[in-house]
Every structure is written in structure tokens, then in C-alpha cells.
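Each chain, letter by letter, is given below.
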Amino acid sequence: MIENAPSDAESRRASRGWWDSDADEYQAEHGAFLGDLDFVWCPEGLREADAHLLGDVRGKRILELGAGAAAGARWLDGQGAEVVALDLSAGMLRHAAAAAGRTGVTVPLVQADALALPFAESVFDIVCTAFGAIPFVADSAAAMREVARVLKPGGDWVFSVTHPMRWIFWDEPDESGLIARNSYFDRTPYVERDESGQVTYIEQHRTLGDRVRELVAAGFELRDLVEPEWPAGHEETWGQWSPLRGRLFPGTAIFVSRLGPGVPPRT
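Here's a quick rundown of the structure. Note that this is a predicted model, so its numbers are computed, not measured.

To continue, consider the packing of aromatic side chains. Overall, the coordinates contain 14 aromatic pairs when judged by the stated rule. Ring geometry for Trp-19 versus Phe-136: centroids 5.8 Å apart, planes at 75°, classification edge-to-face. With a gap of 117 residues between them, Trp-19 in helix H1 (residues 8-34) and Phe-136 in the loop between strand E4 (124-130) and helix H5 (140-150) connect regions that are remote in the sequence. Across the pair, exposure class does not vary: Trp-19 and Phe-136 are buried alike. On the numbers, 4.6 Å between centres and 10° between planes, the contact of Phe-169 with Phe-249 is stacked. With a gap of 80 residues between them, Phe-169 in the loop between strand E5 (151-162) and strand E6 (190-193) and Phe-249 in the loop between helix H7 (243-246) and strand E9 (252-259) connect regions that are remote in the sequence. Each residue in the set Trp-18, Trp-19, Tyr-26, Phe-33, Phe-136, Tyr-190, Tyr-201 and Trp-238 is aromatic and connected to the rest through ring pairs, giving one cluster. Its end group placed over the ring of Phe-33, Arg-47 keeps NZ or CZ at 5.9 Å from the ring centre. The ring of Phe-124 is capped by Arg-61, whose NZ or CZ atom sits 5.0 Å from the centre of that ring.

Written as C-alpha cells, this is what we have:
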């Protein structure tokens, strides 16, 4: 446990407040890139239509965790899947509902916490998320166990996060973001607070090894670790992701895992 790190409750409150207040700006800035009916894994622009990390989804029951405006869930619906989109933020789900109106594609929207999924055990064939939930919860190992709980044995859990090596650098897209300044091994979260000291934004860091151990402890088999390369011709900057940095080191890690038949006891 990291000393003086925000609790689960503080992290939950901060994340919900941040994404509720930032939802409009986020969609205005990134909505065109993400689309209304598309599954984009990362700022590098890797699409599920090309990557096929989820395999054949026809007839599969899928939970998109941290779905945001649920573009991925609507795309999966179009591929013949039965999809539920879940997010902590009412602000993001408001955009999901608006996009459903624009496209005519409606999937169930659920507001809930990734650490307390409101579903029975073994009900989904696939759980997936593109940068949702996992980087923001204080106990991501517990989130892995919760995903394992709602997955059927043999079900797939695929998630993308900021590549852990990015923790070494400042979040700057230009040359100043090429200088190693932080320890890769320092798991102290990045925290922003308001004038009263309340946590307003929090993001967690785990190493690649941490993520693998979390998955294995929850009963998953790691099947692939995808590190998308920056594609030629992609000149768009998204926060810290830029052509300059993307051509030198990875910005995204996508973990592709499968739940084994014997899941260990949950604690």
C-alpha cells in the first residue's frame, strides 16, 4: 500500500466528478477521432476492425467496461454481439445516449463502478475496455478479480492502458517529453487536488510485471501483449501522444487474456 495514497472511495469520487465535468470537452476534442460507430483501441488509431483482438464476436455477450460514449459497444452491436456499455460517469453516458439517437444503434447503458459490477457471476463471454476504468481505480487487482467473476470460464478480457514506460516521462508531446524524469518503479499515483485539498483527478501507475501478476492472480492467462506502433501518415496529437514520441517508444499497451477454468478464491 502506498503511503498517503487516495483511497478507493476518493478515487471513485474524483473519477466520477472529473469525467462528469470533462465529458463535453473530451467529446468535442476526441469525438471525431473515436467516431460514433467504431472501436478504437488507442490514440495510435488501432481499430478492432483491423486488429481482431476480440475474435469473432457474433452471438457473444460482451461488457464494455469504462465505455465512455460507447462507440465501441455500438460497433460491436453491429457485428452481431449482445453488448452492455458500463461507465462510472453520467456525463459520458449522456453522450452515449446522444450518439445512440444520432446513429439509431442502442445498447444498454449502465452507470456503475468497475469494482462492484452489478452482474451475476459467469454471464459474459468477453469483457473489454479501451483506456477505461483500469488506470483510475486504486485497487486494479480487485478490478481484475471482478472482471473474472462476471466472465464465463474461457472468456476473454482485453484492455488497453497507457504503456507503463510512459510513466518515466512528462506528459508532453514535444521534445520535453523525451527526457526520462521519473522512476518506472515508483507506483505513487498522479493526483490533482482543488484548493480545499479534495482529490479531483487521479491516475494510477503499474509496471508491465504488475499487470501480468494481477491477471495471473485473478485466474487469467496472458495470450498477447500488443504495443501498437505509430502508423505512417498519422499526424494527429492527442495529449501526450504525438508522432514525435510515438515513433520512438510505445504509448499504449493492450493486454489480451483469457480466463482459465479454475479461478482462485477471491479475497
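Further notes follow.
Where burial is concerned, most of E9 is hidden: seven out of the eight residues are buried. Of the strand pairs in this sheet, E5 and E9 are connected by seven bridges, and their pairing is antiparallel. Looking at E9, one finds that Phe-159 is bridged to Phe-255. Where strand E8 (residues 220-226) and E9 come together, six bridges link them in antiparallel fashion.

Our next topic: the side chain of Gln-240. Considering the arrangement of structural elements, one finds Gln-240 in the loop between E8 and H7. Under the relative-accessibility criterion, Gln-240 is labelled buried at 9%. Here Asp-171 takes part through its side chain, which lies 3.3 Å from a polar atom of the side chain of Gln-240. Contact partners of Gln-240, with chain neighbours within four places excluded, come to Thr-162, Arg-166, Asp-171, Glu-172, Pro-173 and Arg-245.

One pass over the structure, following the stated rule, counts zero disulfides. The closest cysteine sulfur to the non-disulfide-bonded Cys-128 is located on Cys-42, 14 Å from its own sulfur. On the accessibility criterion, Cys-128 (0% relative accessible area) is buried.

On a regular strand, one side chain projects to one face of the sheet and the next to the other, so that they alternate. Across the seven residues that make up E4, a large majority, six, are buried. Taken together, the six bridges between E4 and E5 define a ladder with parallel strand orientation. Bridge assignment links Ala-130 to a residue of E5, and that residue is Ser-160. In the classification by handedness, the crossover that spans E4, the intervening H5 and the parallel E5 is right-handed.

Okay, the environment of Gly-177 next. Topologically, Gly-177 is positioned in the loop between E5 and E6. On the basis of relative accessibility, which here comes to 0%, the residue Gly-177 falls in the buried class. Separated by 63 residues in the primary sequence, Gly-177 and Ala-114 place their C-alpha atoms 31 Å from one another. Apart from the residues lying within four places of it in its own chain, the contact partners of Gly-177 are Phe-169, Trp-170, Glu-172, Arg-245 and Phe-249.

This part is about the pattern of salt bridges. Enumeration over the complete set of coordinates arrives at 16 salt bridges. For Arg-61, the salt bridge identified is with Glu-82, shortest N-O distance 3.7 Å. Of this pair, Arg-61 sits in strand E1 (residues 61-65) while Glu-82 sits in strand E2 (residues 82-87), and the two are 21 residues apart along the sequence. Overall, the relative accessible area of 27% leaves Arg-61 in the partly exposed class. Here Arg-213 ties to Asp-210 by a salt bridge, and the two come within 3.1 Å at their closest N and O atoms. Placement of both Arg-213 and Asp-210 in helix H6 (residues 208-217) is noted, with a separation of three residues, approximately one turn of the helix.

Next up on the list: H6. Structural remark: α-helix, 3.6 residues per turn; residues separated by three or four positions point the same way. Within the span of H6, buried status applies to Asp-210, Arg-211, Glu-214 and Leu-215. Along the long axis of H6, the arc covered by the buried residues comes to 130°, so they all point the same way. Facing away from the buried side of H6 by more than 90 degrees, the exposed set consists of Arg-213, Val-216 and Ala-217. For H6, the secondary structure elements touched by its buried residues are H5, E5, E8 and E9. A positive phi of about 100° marks Gly-219, the residue just after H6.

Calculation criteria
- Residues numbered from 1 in each chain as written.
- Predicted model: local features only at pLDDT ≥ 70, side-chain atom pairs only at ≥ 80, totals over all residues.
- Heavy atoms only, no water.
- Phe/Tyr/Trp six-rings, centres within 6.5 Å; stacked < 30°, edge-to-face > 60°.
- Helix = DSSP H or I, 4+ residues; strand = E, 2+ residues; numbered from the N terminus.
- Buried < 20%, exposed > 50% of the residue type's maximum accessible area, 1.4 Å probe, protein only.
- Lys NZ or Arg CZ within 6 Å of the ring centre and 35° of its normal.
- Pairing = 2+ DSSP bridges.
- Polar contact = N/O pair within 3.5 Å; in protein donor to acceptor, adjacent residues only side chain to side chain.
- Contact = heavy atoms within 4.5 Å.
- Disulfide = S-S within 2.5 Å.
- Right-handed = clockwise from strand over helix to strand, strands pointing away.
- Salt bridge = Lys/Arg side-chain N within 4 Å of Asp/Glu carboxyl O.
- Arc of directions from axis to C-beta.

None of this, on its own, says anything about what the molecule does.
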